[in-house]
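Examination of the molecular architecture
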Amino acid sequence: MSIGEYDDYYIGIDVGTGSARACVVHHNGNIVGLASHNITTWQPHPEYYEQSTADIWESICAAVKQAVEECEVPRSKIRGLAFDATCSLAVFSKETGRPVSVSGAEVSNDRNVILWLDHRAAEETKTINETGHAILQYVGGRMSLEMEMPKILWLKNHMDPSTFHDCKFFDLADALTHLATGKESRSYCSVICKQGYLAHRADCGEEGWQSDFLTSIGLQSLAQDNFGRLGGINGKNGQYLSAGECVGPLAERAAAELGLSPGIAVGSGVIDAYAGWIGTVGAKADLGFSPLTDQKEHVPHRLAVVAGTSTCHLDMSRNELFVPGVWGPYRDVLFPGAYLAEGGQSATGELIRHVVESHPAHAEANEAAKAAEIHIYDFLNDYLRKSATKARVCHIAQLAKHFFFYGDLWGNRSPIADPQMSGATIGLKSDRSIANLALQYYGALEFIALQTRQIVDTMNQHGHRISTIFMSGSQTQNELLVHLIASACKMPVVLPAYVHAAVCHGAAMLAAVAASKCSEGDSKDLWEIMSQMSKPGRRVDPTTNPKEQLLLQAKYEVFLDMCFKQREYRELVDKRLDGAADDRNF
């Protein structure tokens, strides 16, 4: 690779659930190096998932060294780095700065991270939601057990009191930034901030945390020392930054471990889904605007759908808009003064995998896919296309016109925020063939698309103005799913150039923002960097077939009925059982 005198490079580091990825990005947005390294996860109990910041840091160092070695970029050309990470909770000692075990004194202190998908804090989540505190409106009305506050409350209830009193809590991305710079700061994007600090600022117009909320859930001790164990108060004993703001220079020890030059800019990190927003919504596409149109003005119309094992739906607004079942609005997390809302589907990629792999015909279909040297989803898509041709129907949806699948197998996050939701099927038969596997697979895709429309419609009904979906993540490999989402939502879907690395790419853009703000030259805002480093995307339009449009509309109405009927059935049964509670013969 030819490297010019004025070429600058940035490193984006994405810490996902199972691996750390590092990408080296040229200032024009081209990814020139990409590497990953696995992260260890411990599962001491079925609902517990734990990691170690020390292990994560080692994985980051290995990935960065490999990515830089691959592209042969001189260290002197790398101007900045930034992290994104899962919304996991990292715990350190406020006295020594060392990791604190989240599994008790008998377990290695290195295991100091409770992973986002850890469900140990079910009772603590219930306790928090029963308060009915006004702050809960910023998490769609109910706090999720995957959030940080229930995890902190669980630690308080299960740790030795003196150990808990010594704990300091970080969002994982903030913890990694601290390891890189030696400076402690908090991103407005961190989950801990979004559950207390940001809500307080937006609600009261003051700096600080909402102490009555912490008291109401039994965490009043966190209010001591000006909330220092949570990050402090901005400008007093804490520093809070928007995405990409320069935290400081890379420390010498961290630079040596990463194989980089000390002193390069380190940007304030974000949650991985938010890095996906950054790496996705700037994709250049023909949306019918005049060349003179300010694209930044269109940002509130762009929903980022970051789709992997689960899916996040992120939309920015200029106003504070509350949407049931949607987290936020959160101010300043990406653009200063702007608000971000976050919907989500708890399991999408995992849902497709489960439906396919649990079917009796999976082994047969998988062997056929291997023989054709294609992925099993591509095999099923091709099978559905051939079946539609054979049946002489004009689109695949007609093959499943009387098959109705509702797929909240892991509960519902958005827009009804009901963890008790489950799956349902109408049209199930005793068919064990590949044809039936293809039908059920299509039903899962259709469910994901229809629920995406439900989230979009709910957000738009509450003041959002979404008109285009910008989608990235592993699910963009599935052409049939992307087409269904566009058609069900009746709006175009734009796929960025680096659909599989959009999150890493977004983190690198944060590094570029930090480098511009840490240098003596003019600093650039995040949108300016996104415009500079985003590449042309590919547009997928909704169906124009009138019969397919009518069918998907009918299926959407059935989908909504299945969604709300399930809750009615539960309520009916519970009411009858409650009425019979005193009947000993029942």
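Above this note sits the structure.
What counts, and at which threshold
Residues numbered from 1 in each chain as written. Predicted model: local features only at pLDDT ≥ 70, side-chain atom pairs only at ≥ 80, totals over all residues. Heavy atoms only, no water. Axes fitted to C-alpha atoms, helices over the stretch in contact; angles between N-to-C directions. Helix = DSSP H or I, 4+ residues; strand = E, 2+ residues; numbered from the N terminus. Parallel < 35°, antiparallel > 145°, perpendicular 65-115°, else oblique. Contact = heavy atoms within 4.5 Å. Nonpolar A, V, L, I, M, F, W, Y, C, P; charged D, E, K, R; others polar. Phe/Tyr/Trp six-rings, centres within 6.5 Å; stacked < 30°, edge-to-face > 60°. Buried < 20%, exposed > 50% of the residue type's maximum accessible area, 1.4 Å probe, protein only. Lys NZ or Arg CZ within 6 Å of the ring centre and 35° of its normal. Arc of directions from axis to C-beta. Pairing = 2+ DSSP bridges. Polar contact = N/O pair within 3.5 Å; in protein donor to acceptor, adjacent residues only side chain to side chain.

Quick look at the packing of helix H11 (residues 349–357) against helix H13 (residues 376–390) now. Relative to each other, H11 and H13 sit at 70°, their axes nearing to 12 Å. Our classification of the angle between H11 and H13 gives roughly perpendicular. Residues Gly349, Ile352, Arg353 and Val356 of H11 form the contact with H13, whose own contacting residues are Ile376, Tyr377 and Leu380. Classifying every residue of the contact of H11 with H13 by side-chain character gives 5 nonpolar, 1 polar and 1 charged.

It is worth spelling out the packing of helix H14 (residues 434–461) against helix H18 (residues 546–579) at this point. Contact pair H14 / H18: the axes reach a minimum separation of 10 Å and the direction vectors enclose 80°. Between H14 and H18, the interaxial angle falls into the category roughly perpendicular. In this structure, H14 uses Glu446, Phe447, Leu450, Gln451, Arg453, Gln454 and Asp457 to contact H18, whose residues at the interface are Leu552, Gln553, Lys555, Tyr556, Phe559, Leu560, Cys563 and Phe564. A breakdown of the residues in the contact of H14 with H18 according to their chemical character gives 8 nonpolar, 3 polar and 4 charged.

Moving on, we come to the packing of aromatic side chains. Counted by the stated rule, this structure contains 13 aromatic pairs. With a centroid separation of 6.3 Å and an interplanar angle of 40°, the aromatic rings of Trp57 and Phe83 are classed as tilted. Highlighted residues: Trp57 in helix H1 (residues 53–71) and Phe83 in strand S5 (residues 78–85), separated in sequence by 26 residues. Judged on exposure class, the residue Trp57 and its partner Phe83 are both buried. For the ring pair Phe92 and Phe170, a centre distance of 5.5 Å and an interplane angle of 85° mean the geometry is edge-to-face. Taken together, the positions of Phe92 in strand S6 (residues 89–93) and Phe170 in strand S8 (residues 167–171) put the pair 78 residues apart, joining distant regions of the chain. Taking the ring centre of Phe164 as reference, the NZ or CZ of Arg229 above it sits at 4.9 Å. Here the basic side chain of Lys296 rests over the ring of Phe335, its NZ or CZ set 5.2 Å away from the ring centre.

Of all the residues in helix H12 (residues 362–371), the buried ones are His362, Ala365 and Ala369. Buried residues of H12 fall within an arc of 70° about the axis and therefore sit on the same side. Facing away from the buried side of H12, by more than 90 degrees, are the exposed residues Ala363, Glu364, Glu367, Lys370 and Ala371. For H12, the elements touching its buried residues are H11, H13 and H14. Phi for Glu373, located one or two positions after H12, is positive at around 60°.

Now for the environment of Leu572. Position of Leu572 relative to the elements: it lies in helix H18. With 225 residues separating them in the primary sequence, Leu572 and Ala347 have C-alpha atoms 27 Å apart.

Another aspect to go through is the sheet that holds strand S15 (residues 327–331). Pairing in this open sheet of 7 strands is mixed, and the strands run S15-S16-S14-S13-S19-S20-S21 from one edge to the other. The open sheet has two edge strands with one neighbour each: S15 and strand S21 (538–540). Averaged over neighbouring strand pairs, the angle between their axes works out to 25° when direction is ignored. As defined by bridge partners, strand S13 (residues 302–307) adjoins strand S19 (residues 468–472) across 5 bridges and the pair is classed as parallel. Its bridge partner lying in S19, Val305 is registered against Met471.

Turning to the sheet that holds S6, a few remarks are in order. Across a sheet, paired strands are connected by hydrogen bonds in the backbone, their directions being either parallel or antiparallel. Reading across the sheet, the 4 strands line up as S4-S7-S6-S8 and stay open at both edges, with antiparallel pairing between neighbours. At either margin of the open sheet sits one strand with a lone partner, and together these are strand S4 (50–51) and S8. Where S6 lies against strand S7 (residues 113–114), 2 bridges are found, and the strand directions are antiparallel. Bridged to Ala90 within S7 is Val113. Contacts from helix H3 (residues 148–158) reach S6, S7 and S8 within the one sheet, and its direction differs from that of S6 by about 40°.

You can see Arg21 is positioned in strand S2 (residues 19–26). You can call Arg21 buried: its relative accessible area is 19%. Of the polar contacts made by the side chain of Arg21, one reaches the backbone oxygen of His500; its length is 2.8 Å.

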